[in-house]
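Now for the letters of each chain:
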Amino acid sequence: MREAAEILHDLKDRIMAEPDMILDDPEVMRALVHADERKMGTNIVDLRGIAMEKLEARLDRLEDTHRSVIAAAYENLAGTNQIHRAILSVLEPVEFTAFMQNLGGEVADLLHVDAVRLVLESHDAAPDPVLAQLDEVLKVVEFGGIDRMTGSSSNMPTRKVTLQTASPETAILYGAAAPHIGSEALLKLDFGEARLPGLLALGSEDPEHFRPNQGTDLLTFFAGVTERAILRWIA
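What you see is a predicted model, and the numbers here were worked out from it, not measured in a lab.

## Notes on the overall build of the protein chain
Check the secondary structure of the protein chain and you find 9 helices and 5 strands. Overall, the protein chain shows an N-to-C arrangement of helices and strands of α-α-α-α-α-β-α-β-α-β-α-β-β-α. With 235 residues in all, the protein chain has 32% of them scored as buried. By sequence separation, contacts in the protein chain at least 24 residues apart represent 57% of the contacts at least 6 residues apart. With the model as given, the accessible surface of the protein chain reaches about 15500 Å², and the carbon-plus-sulfur share is 57%.

See the structure below:
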């Protein structure tokens with residue numbers, strides 16, 4: 001008994017010295033409130049207890065929101081760093097062939113996608129033997145083909161970036177890999193007046209990698225840099 005009294009005395013002294021130790025612990029506070037409720041009996045409405053339960057629920061919601069905001073901030077920072085590294089890789093090659101090989105290799109790895117395709121429109125359907133050497137990454141389509149792939153029309157505002165599940169219209173871009181592509185980002189490229197548009201297609205095997213409800217600011221910026229890089233080789 002004496003030992004228990006000494007322990008109780010020491011505990012009381014510590015609580016009196018550091019009351020925040022109890023107040024900041026939700027489990028201890030909850031136990032104290034429930035003990036008080038048991039002393040009052042079951043036929044008394046404890047408005048204070050009800051208020052505390054509501055405050056607890058509100059605090060839980062605020063903590064969940066706080067965690068979600070922090071997670072979103074880290075995800076956005078990681079995405080920004082990812083795009084910046086891909087941009088540096090896009091700007092590095094000084095020859096077009098090396099640029100195209102880099103798109104299908106290092107840039108695809110940095111963006112965590114399974115396929116990268118550069119699509120150019122042409123009025124001439126005849127195959128070009130020089131471009132044929134880059135067939136794995138570079139695809140040439142007939143005039144108007146890019147609008148069909150992105151679902152654009154003359155009475156709709158042009159979207160710079162289209163995020164969607166894999167489409168039958170774009171299956172020709174991926175060749176043998178087409179059945180494995182689950183989602184894609186289509187980045188429309190503008191090379192200036194009197195020039196046909198281009199398209200950068202990023203394909204992922206993950207159906208959830210690109211979704212229409214995702215933000216497109218970083219991909220829009222990446223598309224703008226890619227346009228300017230390609231203009232170095234467009235006559």
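## Some points on the pattern of salt bridges
Oppositely charged side chains are able to pair whenever their charged atoms sit close together. One pass over the structure, following the stated rule, counts 5 salt bridges. For K160, the salt bridge identified is with E227, shortest N-O distance 2.2 Å. Of this pair, K160 sits in the loop between α7 (145-150) and β3 (161-165) while E227 sits in helix α9 (residues 217-230), placing them 67 residues apart in sequence. Classification of K160 by relative accessible area gives partly exposed; the value is 27%. A relative accessible area of 7% means that E227 is categorised as buried. Residues joined in a network through salt bridges with shared partners are K160, E227 and R228.

## Concerning the side chain of E121
Looking at where E121 falls in the secondary structure, it is placed in strand β1 (residues 115-122). Despite its burial, E121 remains without a salt bridge, the nearest opposite charge being carried by K188 at 6.9 Å. Of the polar contacts made by the side chain of E121, one reaches the backbone nitrogen of G145; its length is 3.3 Å. For E121, the contacting residues outside a window of four places in its chain are V141, E142, F143, G144, G145, I146, D147, L196 and P197.

## Notes on the nonpolar core
With 31 residues, the main nonpolar core has L103, L200, L202 and F222 as its most contacted residues. Breaking this core down by element, the ones donating at least two residues are α4 (47-91), α5 (96-110), β1, β3, β4 (183-189), β5 (198-204) and α9. With sequence-adjacent residues up to four places away left out, F222 is seen in contact with I83, A86, I87, V90, V107, L111, L187 and L200. Grouped together as the second largest cluster of nonpolar side chains are 12 residues, V141, I146, M149 and A201 included.

## Looking at the packing of aromatic side chains
A full pass over the atoms with the stated rule returns 3 aromatic pairs. Ring pairing ties together the aromatic residues F96, F99 and W233, which thus form one cluster.

## Points about the sheet that holds β5
Strand order across the open sheet formed by 5 strands is β2-β1-β5-β4-β3, with mixed pairing between neighbours. Of all strands in the sheet, those bounded by a partner on one side alone are β2 (138-142) and β3. Averaged over all pairs of adjacent strands, the angle between strand axes in this sheet comes to 25 degrees, irrespective of strand direction. Note: β1 against β2, 5 bridges, orientation parallel. Note on β2: the bridge partner recorded for V119 is K139. Across the face of the sheet, α5 comes into contact with β1, β2 and β5 while running at roughly 140 degrees to β1. Where α9 meets the sheet, its contacts fall on β1, β3, β4 and β5, and the angle it forms with β4 comes to roughly 50 degrees.

## Quick notes on α9
Quick reminder: α-helices carry 3.6 residues per turn. Residues three or four places apart thus point the same way. With 14 residues, α9 should cover 20 Å at 1.5 Å per step; its first-to-last C-alpha distance of 20 Å lies within 8% of that length. Taken residue by residue, α9 has L219, F222, A223, G224, V225, T226, E227, A229 and I230 as its buried positions.

## Digging into the side chain of T162
As for its position among the elements, T162 is in strand β3. With relative accessibility at 3%, the residue T162 sits in the buried group. Ignoring any residue separated from it by four or fewer positions in sequence, one finds T162 in contact with T150, E184, A185 and L186.

Thresholds, definitions, all that
Residues numbered from 1 in each chain as written. Predicted model: local features only at pLDDT ≥ 70, side-chain atom pairs only at ≥ 80, totals over all residues. Heavy atoms only, no water. Helix = DSSP H or I, 4+ residues; strand = E, 2+ residues; numbered from the N terminus. Buried < 20%, exposed > 50% of the residue type's maximum accessible area, 1.4 Å probe, protein only. Contact = heavy atoms within 4.5 Å. Areas by Shrake-Rupley, 256 points an atom, 1.4 Å probe, with all protein chains shown as cover. Salt bridge = Lys/Arg side-chain N within 4 Å of Asp/Glu carboxyl O. Lys, Arg positive; Asp, Glu negative; His and termini not counted. Polar contact = N/O pair within 3.5 Å; in protein donor to acceptor, adjacent residues only side chain to side chain. Core = buried A, V, L, I, M, F, W, Y, C linked by side-chain atoms within 4.5 Å. Phe/Tyr/Trp six-rings, centres within 6.5 Å; stacked < 30°, edge-to-face > 60°. Pairing = 2+ DSSP bridges. Axes fitted to C-alpha atoms, helices over the stretch in contact; angles between N-to-C directions. Expected span 1.5 Å × (residues − 1).

Functional significance is not addressed by these values, which are geometric in nature.
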